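Structural overview for review
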Amino acid sequence: MSLRFGGLVALDGVSFDVPAGKILGLIGPNGAGKTTMFNAITRLYRPQAGEIWFGQTNLLGLAPHEIPRLGIARTFQNLALFPSMTVRDNIRVGLHASTKADVFSQALRLPWVGREERRAEQVVDEAIDYLGLRAVERHPAAGLPFGTLKRIELARALVARPKLLLLDEPAGGLNHEEVSALGALIRDIRERFDVTILLVEHHMGLVMSISDRVVVLDFGKKIAEGTPDEVRRNPEVIRAYLGVEA
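If you look the chain up in an unreviewed UniProt entry, it shows as ABC transporter ATP-binding protein from Tepidiforma flava.

Here it is as structure tokens:
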């Protein structure tokens, strides 16, 4: 896949697979194209060449609002929460793609609408308890600690019951203890929710400790792919990060 912004090449012929049920780490120096890849997958950007396949579906034929309905959810490097809304309402936003009720059916109070709403609240409750947010569920997102905001955004993604979860810099802004707990949490999410995870992260310790495979980008090109041990020893990766001859 290739993607350009004017004369700037953001992604240059990048290709890789994310095996079902695995955690794949996507790493690279700043400006390597990692978040651009996420934005292409979720259709915020449109590549000029190539395809993006999710199962049997080419994502480039879909509109952005159709992506969550396929079972793809994401978090953002810069938190995308609604500050004035409560924690519970922020999490509930993640259900918008999986609910069928519209204004007309809600106005008529059709029986299935009530059942759907009760099920939705149960899913939100499960996410709140799983991520330890019960004490703040009625609190506005504004003013809460950064680590808590990260968990709120993760809960919002999980209530959609995704098949593919895109995590964009989940460790950003967290302290050492929080990063360690995050690694265990991501592994547990993979097992508990039977979800495939694509992880963009600068924290190398986290990526290498939880990823099954790692893809390395540099200036929009893939320079390495393999197990964490293989990537650690790759001369091109060492050169990209250290700026020296390996």
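Having put the structure on the table, let's press on.
1. A closer look at the packing of aromatic side chains
Tallied over the entire structure, the rule returns two aromatic pairs. A ring pair is formed by Phe 5 and Tyr 45, whose centres lie 5.0 Å apart and whose planes are at 80 degrees; its orientation type is edge-to-face. Of this pair, Phe 5 sits in strand β1 (residues 3-5) while Tyr 45 sits in the loop between α1 (34-41) and β4 (53-54); the two residues are 40 residues apart in sequence, bridging distant segments of the chain. Looking at Phe 5, the relative accessible area reads 38%, which means it is partly exposed. The partly exposed category is assigned to Tyr 45, whose relative accessible area is 30%. Aromatic pair Tyr 130 and Phe 193: ring centres 5.5 Å apart, planes at 75 degrees, arrangement edge-to-face. Residue Tyr 130 is found in helix α5 (residues 111-130), and its partner Phe 193 is found in the loop between α7 (176-192) and β8 (196-200); the two are separated by 63 residues along the sequence.

2. Let's talk about the sheet that holds strand β9 (residues 213-218)
Strand order in this open sheet of six strands is β6-β7-β8-β3-β9-β10, and the pairing throughout is mixed. Both edges of this open sheet fall to β6 (72-74) and β10 (221-226), since each of them pairs with a single strand only. Ignoring strand direction, the axes of neighbouring strands in this sheet form an average angle of 15 degrees. Sheet strands touched by α1: β3 (23-27), β6, β7 (164-168), β8 and β9. Its angle to β7, the strand with the most contacts, is close to 145 degrees.

3. Quick look at helix α6 (residues 146-158)
For the α-helix, the turn length of 3.6 residues means that residues three or four positions removed from each other point alike. Here α6 spans 19 Å end to end across 13 residues, near enough to the 18 Å set by a 1.5 Å rise per residue. Most of α6 sits inside the fold, with 11 of its 13 residues counted as buried. If you check which residues of α6 are buried, you get Gly 147, Thr 148, Leu 149, Lys 150, Ile 152, Glu 153, Leu 154, Ala 155, Arg 156, Ala 157 and Leu 158.

4. As for the domain arrangement of the chain
Domains assigned within the chain are domain 1 (1-71 + 162-246) and domain 2 (82-160). Relative placement of domain 1 and domain 2: their C-alpha centres are 27 Å apart. Listed by partner, the interface residues are 16 residues for domain 1 and 10 residues for domain 2. On the domain 1 side of the contact with domain 2, Pro 162, Leu 185 and Phe 193 bury the most area, a combined 35% of that side's loss. In this assembly, domain 1 and domain 2 are joined by zero salt bridges. At the surface where domain 1 touches domain 2, the tally comes to two residue pairs in polar contact (both at pLDDT 80 or more). At the level of elements, α2 (67-70), β7 and α7 are the ones that each hand at least two residues to the side of domain 1 that touches domain 2.

5. Description of the nonpolar core
Ile 91, Leu 165, Ile 189 and Ile 197 are the most contacted members of the largest nonpolar core, which totals 45 residues. Other than its neighbours up to four places away in sequence, Ile 189 contacts Tyr 130, Leu 154, Leu 158, Leu 165, Asp 194, Val 195 and Ile 197. Ranked by size, the runner-up nonpolar core spans 25 residues in total, among them Met 1, Phe 38, Leu 60 and Ile 72.

6. Points about the pattern of salt bridges
Summed over the entire model, instances satisfying the criterion amount to 18 salt bridges. Here Arg 92 ties to Asp 89 by a salt bridge, and the two come within 2.2 Å at their closest N and O atoms. Of the two residues, Arg 92 and Asp 89 both sit in helix α3 (residues 87-92), three residues apart, roughly one turn of that helix. On the accessibility criterion, Arg 92 (29% relative accessible area) is partly exposed. For Asp 89, a relative accessible area of 29% gives the class partly exposed. Among the salt bridges present, the one from Arg 190 reaches Glu 191, with a minimum N-O distance of 2.9 Å.

7. Brief notes about the pairing of β7
Burial of β7 is extensive: five of the five residues sit out of reach of the surface. Side chains Leu 164, Leu 166 and Asp 168 of β7 all project onto a buried face; the interleaved residues Leu 165 and Leu 167 project onto the opposite face, where all are buried too. Examined bridge by bridge, β6 and β7 share three bridges and lie parallel to one another. Along β7, the bridge assignment pairs Ile 72 with Leu 164. Relative to β8, β7 runs parallel, the two sharing five bridges. Across the sheet, residue Leu 166 finds its bridge partner in β8, namely Leu 198. Following the chain from β7 across α7 to the adjacent parallel β8, one finds a crossover that is right-handed.

How each quantity is defined
By convention here, each chain's residues receive numbers from 1 onward along its written sequence. Restriction of local features to residues with pLDDT of at least 70 applies here, the model being predicted, together with a cutoff of 80 or more for giving and counting side-chain atom pairs; totals for whole chains, interfaces and linings are based on all residues. As a convention, hydrogens and water are excluded, and side-chain values are obtained from all of the structure's heavy atoms. Any two of the Phe, Tyr and Trp rings considered here, Trp counted by its six-membered ring, make a pair once their centres fall within 6.5 Å; the pair's planes then place it as stacked at under 30 degrees, edge-to-face at over 60, or tilted in between. Elements are defined by DSSP. Helices are runs of H or I of four residues or more, strands are runs of E of two residues or more, and each kind is numbered from the N terminus. Relative accessible area decides the class of each residue, using a 1.4 Å probe on protein chains only: under 20% of the type maximum gives buried, over 50% gives exposed, and in between gives partly exposed. DSSP-based pairing: two strands are paired if at least 2 bridges between them are found. For every element, the axis is a line fit to its C-alpha atoms; helices are fit only across the contacting stretch, and the angle between N-to-C directions ranges from 0 to 180 degrees. Between two residues, a contact is recorded if the distance between any of their heavy atoms is within 4.5 Å. Multiply 1.5 Å by the residue count of a helix minus one, and that product is the helix's expected span. How far each domain reaches was decided by an automatic or database domain assignment. A quick way to say it: buried area is the sum, across both parts, of accessible area lost when two parts are put together, with a 1.4 Å probe. Salt bridges are defined by distance alone: a side-chain nitrogen of Lys or Arg within 4 Å of a carboxyl oxygen of Asp or Glu. Think of a polar contact as two N or O atoms within 3.5 Å of one another; within protein, one of them needs to be a possible hydrogen donor and the other a possible acceptor, and neighboring residues in sequence only count if both atoms come from side chains. We define a nonpolar core as any set of buried Ala, Val, Leu, Ile, Met, Phe, Trp, Tyr and Cys residues linked to one another through side-chain atoms lying within 4.5 Å. Here the term right-handed applies to a crossover when the path leading from its first strand over the helix to its second strand runs clockwise, the strands being oriented away from the viewer.

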